[in-house]
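Here are the chains, one letter per residue:
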Amino acid sequence: MRTMITRRDTIKTVGLAAGAALLMPRLTLSALAQSVDEAALAQPGPLGDVWLGNKDAKVTIIEYASMTCSHCAHFHATTWPVLRERYIDTGKVRFTLREFPLDPLATAAFMLARCDGDAKYYPITDLLFDQQPNWAFVRKPQSPVDAMEQLLRQAGFSKEKFEACLKDQKIYGAINAVKARGLDTLKVESTPTFFINGTKYSGAMSIEEMEKIIKPILGA
């Protein structure tokens, strides 16, 4: 049976990945706020959602992102730490990150984040977002996959474990199912896209933009 993600696949598409990531627009949030079917939104993918925060929080945030999206990386470098400290860790917001890979390289990154269990999902996605320029957009002679392999040694990945993760067809299919459902059912068209209590917002939101939405719900 053919390996689902190969080094050749990811190396061939890295140019496309970089272009797609850089072309994701910085959109006006107020013009794009749109309610969706909350029951459809609540349905997790085959691997389940990895939630952070209080399950009874008044605010629920679902992010659809791609690991090769530069705007997603910017959000995770600037807004995410503050959002987590002020709202998620204090029990006011419940958050999950869902996979919406723009290219095979991003799919491979999400596969690696998923293959070591829920407890490693955010440590690995945070690491890959933080180090995105050092693996997603590297130039020859090093390939993006080799750079990612070296980076994930910090997370305890041996070469054998790394290769096995990229051959896991169950994880591959599950990640693509999450993306397909986001695209077809929830009309996710760009990354990052956020659903805050069932309302969709597209663009890399600042903490100030998020707080304008979150605070009234919390009565703050």
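On a predicted model such as this, the values are computed, not experimentally measured, just so you know. (Residues numbered from 1 in each chain as written. Predicted model: local features only at pLDDT ≥ 70, side-chain atom pairs only at ≥ 80, totals over all residues. Heavy atoms only, no water.)

Asker: Can you walk me through the environment of Arg-94 in this structure?
Answerer: Examined against the element boundaries, Arg-94 turns out to sit in strand S4 (residues 93-99). Along the chain, Arg-94 and Lys-58 lie 36 residues apart, while their C-alpha atoms are 8.1 Å from each other. Ignoring anything within four residues of it in the chain, the contact list for Arg-94 reads Trp-51, Leu-52, Gly-53, Asn-54, Lys-55, Ala-57, Val-59, Thr-60 and Ile-61. (Helix = DSSP H or I, 4+ residues; strand = E, 2+ residues; numbered from the N terminus. Contact = heavy atoms within 4.5 Å.)

Asker: Would you mind showing me how to read the state of the cysteines here?
Answerer: In protein chemistry, a disulfide is the covalent bond that joins the sulfur atoms of two cysteines. Scanning all chains against the criterion turns up one disulfide. Two residues share a disulfide in this structure: Cys-115 and Cys-165, whose sulfurs sit 2.0 Å from each other. Here the disulfide of Cys-115 and Cys-165 is right-handed, its torsion about the S-S bond being about 60°. Here Cys-115 is found in the loop between helix H6 (104-114) and helix H7 (121-130), whereas its partner Cys-165 is found in helix H9 (residues 159-166), with 50 residues between them in sequence. The class of Cys-165 is buried, set by a relative accessible area of 6%. (Disulfide = S-S within 2.5 Å. Buried < 20%, exposed > 50% of the residue type's maximum accessible area, 1.4 Å probe, protein only.)

Asker: Looking at this structure, I do not really get the confidence of the model for the protein. What am I missing?
Answerer: Close reading of the predicted structure is inappropriate where its pLDDT is low. In the predicted model, the protein carries a mean pLDDT of 87, and 84% of its residues have values of at least 70. Residue range residues 1-5 is modelled with pLDDT below 50. Its contacts to residues more than four positions away, or to other chains, number 15 contacts. (pLDDT = per-residue confidence, 0-100.)

Asker: Would you mind going over unusual backbone geometry with me for this structure?
Answerer: If a residue is not glycine, its phi is most likely negative; likewise, a peptide bond is most likely trans. Going from Lys-140 to Pro-141, the amide bond is cis rather than trans, its omega being 15°. Mapped onto the secondary structure, Pro-141 falls in the loop between H7 and helix H8 (144-152). Each neighbour pair has its own omega, and for Thr-191 with Pro-192 the value is -5°, a cis peptide bond. Summarising the element assignment, Pro-192 is placed in the loop between helix H10 (169-184) and strand S5 (193-196). The backbone phi angle of Lys-187 is positive, close to 60°, even though this residue is not glycine. Structurally, Lys-187 can be placed in the loop between H10 and S5. Given a relative accessible area of 45%, Lys-187 falls into the partly exposed group.

Asker: Is there a simple way to think about H6 in this case?
Answerer: The α-helix advances 3.6 residues per turn, and as a result positions three or four apart in sequence lie on the same side. With 10 of 11 residues buried, H6 lies mostly within the body of the structure. Listed as buried for H6 are Leu-105, Ala-106, Thr-107, Ala-108, Ala-109, Phe-110, Met-111, Leu-112, Ala-113 and Arg-114. The opening residue of H6 is Asp-103, an N-cap whose side-chain oxygen sits 3.1 Å from the backbone nitrogen of Leu-105. (Polar contact = N/O pair within 3.5 Å; in protein donor to acceptor, adjacent residues only side chain to side chain.)

Asker: Please explain the pairing of S4 as it appears in this structure.
Answerer: Remember that side chains alternate between the two faces of the sheet whenever the strand is regular. Burial of S4 is extensive: six of the seven residues sit out of reach of the surface. When strand S3 (residues 59-65) meets S4, the two strands line up parallel, connected through seven bridges. Within S4, the position partnered with Thr-60 by the bridge is Arg-94. Note that the unit made of S3, helix H5 (residues 70-88) and S4 has a crossover that is right-handed. (Pairing = 2+ DSSP bridges. Right-handed = clockwise from strand over helix to strand, strands pointing away.)

Asker: Teacher, can you tell me more about H5 here?
Answerer: With 19 residues, H5 extends just 23 Å between its outermost C-alpha atoms, more than 12% less than the 27 Å of an ideal straight helix rising 1.5 Å per residue. Largest kink in H5: about 50°, centred on Thr-79, with the proline Pro-81 one to four residues after it. Listing the buried residues of H5 in full gives Cys-72, Ala-73, Phe-75, His-76, Thr-79, Trp-80, Leu-83, Tyr-87 and Ile-88. On its buried face, H5 sits against strand S2 (51-52), S3, S4, H7, S5 and helix H11 (207-218). (Expected span 1.5 Å × (residues − 1). Bend = angle between axes of the 7 residues up to and from the residue.)

Asker: Just checking my understanding: could you explain the pattern of salt bridges for this structure?
Answerer: Opposite charge on two side chains permits them to pair, given that their charged atoms come into close proximity. Tallied over the full model, the rule gives nine salt bridges. Here Asp-56 ties to Lys-55 by a salt bridge, and the two come within 3.6 Å at their closest N and O atoms. Taking relative accessible area as the criterion, Asp-56 reaches 58% and is therefore assigned exposed. For Asp-116, the salt bridge is made with Lys-120, and the minimal N-O distance between the two is 3.2 Å. Note on Lys-120: relative accessible area 32%, which makes it partly exposed. If you follow the salt bridges from partner to partner, you end up with Asp-116, Lys-120 and Lys-161 in one network. (Salt bridge = Lys/Arg side-chain N within 4 Å of Asp/Glu carboxyl O.)

Asker: Can you help me understand the nonpolar core in this one?
Answerer: Nonpolar side chains in soluble globular proteins tend to end up buried together. Counting 54 residues, the largest nonpolar core has Ile-61, Leu-83, Leu-128, Trp-135, Met-148 and Leu-152 as the members making the most contacts within it. When residues in this core are grouped by element, the largest group, eight residues, is from H6. Those residues in contact with Met-148, other than ones at most four positions away along the chain, are Leu-105, Ala-108, Ala-109, Leu-112, Leu-128, Trp-135 and Phe-162. (Core = buried A, V, L, I, M, F, W, Y, C linked by side-chain atoms within 4.5 Å.)

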